[in-house]
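Coordinates in review
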Amino acid sequence: MHEDRLWKRKKVTLGSVLVNLDAIITCVTLTLCTIVVNANVLMRYFLKRPLYWSEEVATGLFVWTVFIGSAYAYRKHAHLGVDILINILPVEEIRKVVKVIMDLLELVTLIMLTRTSVQYVMNTMDKLTNTLRVPSWYISGAVPIGFGLSLIFCIYLLVKDIIKVFKGKGGK
């Protein structure tokens, strides 16, 4: 009986794919990056015919993995955080307020990073990559997308934390 439950698959819907698109993109790009790097190692050392494009493709895939993965980690609260300050505070209400202040600092930082990364991509729109001669924004586009997703998640979490502060000050 227990084994049957393990093998049953969850129904995959468009909604579940969209909700987890950041995780899916991260998984796919990391898998492809690993395949490309290993294929190049095999080609180089066993067949003496390296894949001239593999470094550029692997770098691009890694950029997508890092920045979209970072947004996914933000959404899942998996980033390393400085909770020491919050944890040493003696009163729960003060912890909630400090959490909102930290959220606001993150919001300002993510706004600046998103804005700067969009400007960077816009300024390099006509630049081509060295080996494959494809537009560089195919790679660098992951940076503002990743920061933008993190910004959206930050706003969502900020609103949740503000609601927690006000729920504690008056009612349910």
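This text goes with the structure placed above it.
Let me sum up the structure you'll find in this document.

Conventions and cut-offs
Residues numbered from 1 in each chain as written. Predicted model: local features only at pLDDT ≥ 70, side-chain atom pairs only at ≥ 80, totals over all residues. Heavy atoms only, no water. Helix = DSSP H or I, 4+ residues; strand = E, 2+ residues; numbered from the N terminus. Rg over C-alpha atoms; globule rule 2.2 N^0.38 Å. Buried < 20%, exposed > 50% of the residue type's maximum accessible area, 1.4 Å probe, protein only. Contact = heavy atoms within 4.5 Å. Areas by Shrake-Rupley, 256 points an atom, 1.4 Å probe, with all protein chains shown as cover. Lys, Arg positive; Asp, Glu negative; His and termini not counted. Charge placed at Lys NZ, Arg CZ, Asp CG, Glu CD. Axes fitted to C-alpha atoms, helices over the stretch in contact; angles between N-to-C directions. Parallel < 35°, antiparallel > 145°, perpendicular 65-115°, else oblique. Left-handed = near helix turned anticlockwise from the far one by under 90°. Nonpolar A, V, L, I, M, F, W, Y, C, P; charged D, E, K, R; others polar. Core = buried A, V, L, I, M, F, W, Y, C linked by side-chain atoms within 4.5 Å. Salt bridge = Lys/Arg side-chain N within 4 Å of Asp/Glu carboxyl O. Patch = residues over 30% accessible without salt bridge, like charges linked within 9 Å, V, L, I, M, F, W, Y side chains within 5 Å. Expected span 1.5 Å × (residues − 1).

A few points about the overall build of the protein chain
The helix and strand inventory of the protein chain stands at eight helices and zero strands. Going residue by residue from the N terminus, the α and β elements of the protein chain occur as α-α-α-α-α-α-α-α. A compact globule built from 172 residues should have a C-alpha radius of gyration of about 16 Å, whereas the protein chain, at 21 Å, is more than 25% larger. Taken along the three principal axes of its C-alpha coordinates, the protein chain extends 70 × 55 × 35 Å. Evaluated residue by residue, the protein chain yields a buried proportion of 28% over its 172 residues. Residue pairs in contact within the protein chain that sit at least 24 positions apart in sequence constitute 69% of those at least 6 positions apart. With the model as given, the accessible surface of the protein chain reaches about 12,600 Å², and the carbon-plus-sulfur share is 69%. Considering the protein chain, the positive charge centre built from 21 side chains and the negative charge centre built from 12 side chains are found 4 Å apart.

Description of the packing of helix α3 (residues 21–46) against helix α4 (residues 54–75)
Axis separation between α3 and α4 bottoms out at 8 Å; the angle between their running directions is 155°. Between α3 and α4, the interaxial angle falls into the category roughly antiparallel. As α3 packs across α4, the resulting crossing turns out to be left-handed. On α4, the residues touching Asp22, Ala23, Ile25, Thr26, Thr29, Leu30, Leu32, Cys33, Val36, Val37 and Asn40 of α3 are Ser54, Val57, Ala58, Leu61, Phe62, Trp64, Thr65, Ile68, Gly69, Ala71, Tyr72 and Arg75. Residues of the contact of α3 with α4, tallied by class, amount to 15 nonpolar, six polar and two charged.

Looking at the environment of His79
Within the secondary structure layout, His79 lies in the loop between α4 and α5 (84–88). Overall, the relative accessible area of 39% leaves His79 in the partly exposed class. Between the C-alpha atoms of His79 and Lys48, which are 31 residues apart in sequence, the distance is 41 Å. Not counting the four nearest positions on each side in its chain, His79 is found in contact with Ser70, Ala73 and Tyr74.

Thoughts on the nonpolar core
Among the nonpolar cores identified, the biggest contains 15 residues, and Tyr74, Leu107, Leu110 and Cys154 are the most heavily contacted of them. Elements with a contribution of two residues or more to this core: α4, α6 (92–123) and α8 (142–167). Broken down by element, this core gets its largest block of residues, nine residues, from α8. Those residues within four positions of Tyr74 in sequence are excluded, and the remaining contacts are His79, Glu106, Leu110, Ser150, Phe153, Cys154 and Leu157.

Examining the pattern of salt bridges
Applying the stated criterion across every chain yields a total of five salt bridges. It is possible to trace a salt-bridge network through shared partners that takes in Lys99, Asp103, Asp161 and Lys164.

Focus: a nonpolar patch on the surface
A cluster of nonpolar side chains, namely Leu14, Leu18, Leu21, Ile24, Val28, Leu32 and Ile35, defines an oily patch on the protein surface of about 630 Å² accessible area. For the nonpolar patch, the elements supplying multiple residues, two or more each, are α2 (14–19) and α3. Tallying contributions element by element places α3 first for the nonpolar patch, with five residues. By secondary structure assignment, the location of Leu18 is in helix α2.

A word on α6
Between its first and last C-alpha, α6 extends 46 Å over 32 residues, near the 46 Å set by a 1.5 Å rise per residue. When α6 is considered as a whole, its buried residues turn out to be Val98, Val100, Asp103, Leu107, Leu110, Thr114, Ser117 and Val121. Against the buried residues of α6 lie α4, α5, α7 (137–140) and α8.

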